[in-house]
Amino acid sequence: MGDESETPAPRKRGRRLLIVLAALWAIVLTAFVVVRGGSDPAPVAAAPSPSPSPSESLTTSEVFQTLAPSVVLIQSTGGGRTKALSSSLGTGVIANANGTILTAFHVVEGARAVTVTFADGTKSPATVADSDPSIDIAVLVPETLPDVVVPATLGGGPAIGDDVVAIGNPLGLVDTTTTGVVSGLNRTIARAGAAPLEKLIQFDAAVNPGSSGGPLLNAQGQVIGIVVALANPTDAGTFIGVGFAVPIGAALGAGEGDGRQPPL
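Note that the structure is a prediction, hence the values are computed from the model and not measured.

### What to know about the overall build of the chain
For the chain, the count of helices and strands is 5 helices and 12 strands. Put simply, the chain has 264 residues, and 36% of those count as buried. For the chain, long-range pairs separated by at least 24 residues make up 58% of all intrachain contacts whose partners lie at least 6 apart in sequence. When the accessible area of the chain is evaluated, it comes to approximately 14700 Å², of which 59% is carbon and sulfur surface.

### A word on the nonpolar core
Formed by 38 residues in total, the largest nonpolar core has its most connected members in I74, L102, L140, V223 and I226. Listed in part, the 12 residues of the second largest apolar core include V207, I224, V227 and A245.

### Re the environment of F105
Mapping F105 onto the fold places it in helix α4 (residues 105–108). F105 sits 25 residues away from D130 along the chain, and the two C-alpha atoms are 9.6 Å apart. With near-sequence residues (within four places) excluded, F105 lies in contact with S131, P133, D136, I137 and A138.

### Quick look at unusual backbone geometry
Here the phi dihedral of L171 falls at roughly 55 degrees; this positive angle occurs in a residue that is not glycine. Looking at where L171 falls in the secondary structure, it is placed in the loop between β7 (163–168) and β8 (176–191). Even without glycine at this site, K199 takes up a positive phi of about 55 degrees. By relative accessible area, which is 54% here, K199 ends up exposed.

### Looking at the sheet that holds strand β9 (residues 194–203)
The strand order around the closed barrel formed by 6 strands is β7-β8-β9-β12-β11-β10, and the pairing between neighbours is antiparallel. Pairs of neighbouring strands in the sheet enclose a mean axial angle of 55 degrees, with direction left out of account. As defined by bridge partners, β9 adjoins strand β12 (residues 243–247) across 3 bridges and the pair is classed as antiparallel. From the neighbouring strand, I201 faces β12, where its bridge partner is A245. The sheet contacts of helix α3 (residues 60–67) involve β7, β8, β10 (215–217) and β11 (223–230), and relative to β7 the element is tilted by about 45 degrees.

### Some points on the sheet that holds strand β3 (residues 101–104)
Taking strand neighbours around the barrel as the criterion, the 6 strands line up as β1-β2-β3-β6-β5-β4 in a closed arrangement whose pairing is antiparallel. Mean inter-strand twist for the sheet, computed between neighbouring axes without regard to direction, equals 40 degrees. Here 5 bridges tie strand β1 (residues 71–77) to strand β4 (residues 113–117), and the two strands are oriented antiparallel to one another. Each bridged residue has a counterpart across the sheet, and for Q75 the counterpart in β4 is T115.

### Description of the side chain of S70
Relative to the helices and strands, S70 is located in the loop between α3 and β1. Classification of S70 by relative accessible area gives buried; the value is 1%.

### Some thoughts on the pairing of β11
When you tally the buried positions in β11, you get 7 out of 8 residues, the bulk of the element. Here 3 bridges tie β10 to β11, and the two strands are oriented antiparallel to one another. In the sheet register, L216 faces β11, and the bridge partner there is G225. Hairpin connection of β10 to β11: 5 residues between the antiparallel strands, including G221 at a positive phi of 80 degrees. Relative to β12, β11 runs antiparallel, the two sharing 5 bridges. Across the sheet, residue V227 finds its bridge partner in β12, namely A245.

### Side note on the environment of V128
The topology assignment puts V128 in strand β5 (residues 123–132). Residues V128 and P142, 14 residues apart in the sequence, show an inter-C-alpha distance of 9.0 Å. Beyond its immediate chain neighbours, meaning those up to four positions away, V128 contacts V108, A138, V139 and L140.

### Overview of the side chain of T91
Residue placement: T91 occurs in strand β2 (residues 87–94). Of note is the side chain of T91, whose polar atom sits 2.7 Å from the backbone oxygen of G210.

Criteria and thresholds
- Residues numbered from 1 in each chain as written.
- Predicted model: local features only at pLDDT ≥ 70, side-chain atom pairs only at ≥ 80, totals over all residues.
- Heavy atoms only, no water.
- Helix = DSSP H or I, 4+ residues; strand = E, 2+ residues; numbered from the N terminus.
- Buried < 20%, exposed > 50% of the residue type's maximum accessible area, 1.4 Å probe, protein only.
- Contact = heavy atoms within 4.5 Å.
- Areas by Shrake-Rupley, 256 points an atom, 1.4 Å probe, with all protein chains shown as cover.
- Core = buried A, V, L, I, M, F, W, Y, C linked by side-chain atoms within 4.5 Å.
- Pairing = 2+ DSSP bridges.
- Axes fitted to C-alpha atoms, helices over the stretch in contact; angles between N-to-C directions.
- Polar contact = N/O pair within 3.5 Å; in protein donor to acceptor, adjacent residues only side chain to side chain.

These values are about where atoms sit, not about what they do.
Printed below as a string of structure tokens:
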């Protein structure tokens, strides 16, 4: 009887010890899981990374560097609006990979000979392949091309207040680059001895004689118009802050079209 009365105590102590050990083991496992979990942070949803936008604005310098290889100097002999002129200077822009050049019609009107000088100094005679005097636009095809032809990128319609860049050869000063904004749209200007020019872009980037036919560019370096005129209430023929360009869609003979191909 005495032996039986002492037996339960060790058993109870053993069970308590097992319970304590089990509890300690559970705590150790929990701590291990927590530590492991802390070393592998939960995945975070990836934030969208910014990518360059195709409409990202360029600096004026970048616009010039992009478009300068596409701009040409035009020299025409004979003709011109004023018969007394024996020669005239103007500007043009290469419109596609075959070397087709857009310019103002009055630059080559009645000319007996037309010479274009490319950005690399290459010179070539050119012929007037097509023209639309009603909008003062002409298309030239050079006889020879430089080793590398760089057509301009053509853009869409501008909005009032948009930044613009004009590149041309005013007064023979090659590759002159000026900046401004679109001052108005759908402008109409009168012409001596011809119907008014309509639906023009008005801008305030400086242009002067010799700039005619050059590209008007947006901040993405795209051609949005062809420079054709400036306004001056005097007979001086110099810039006072109001220039005009034919929208590129109309210049390409497409009216309100997408402006993909020059009229040929």
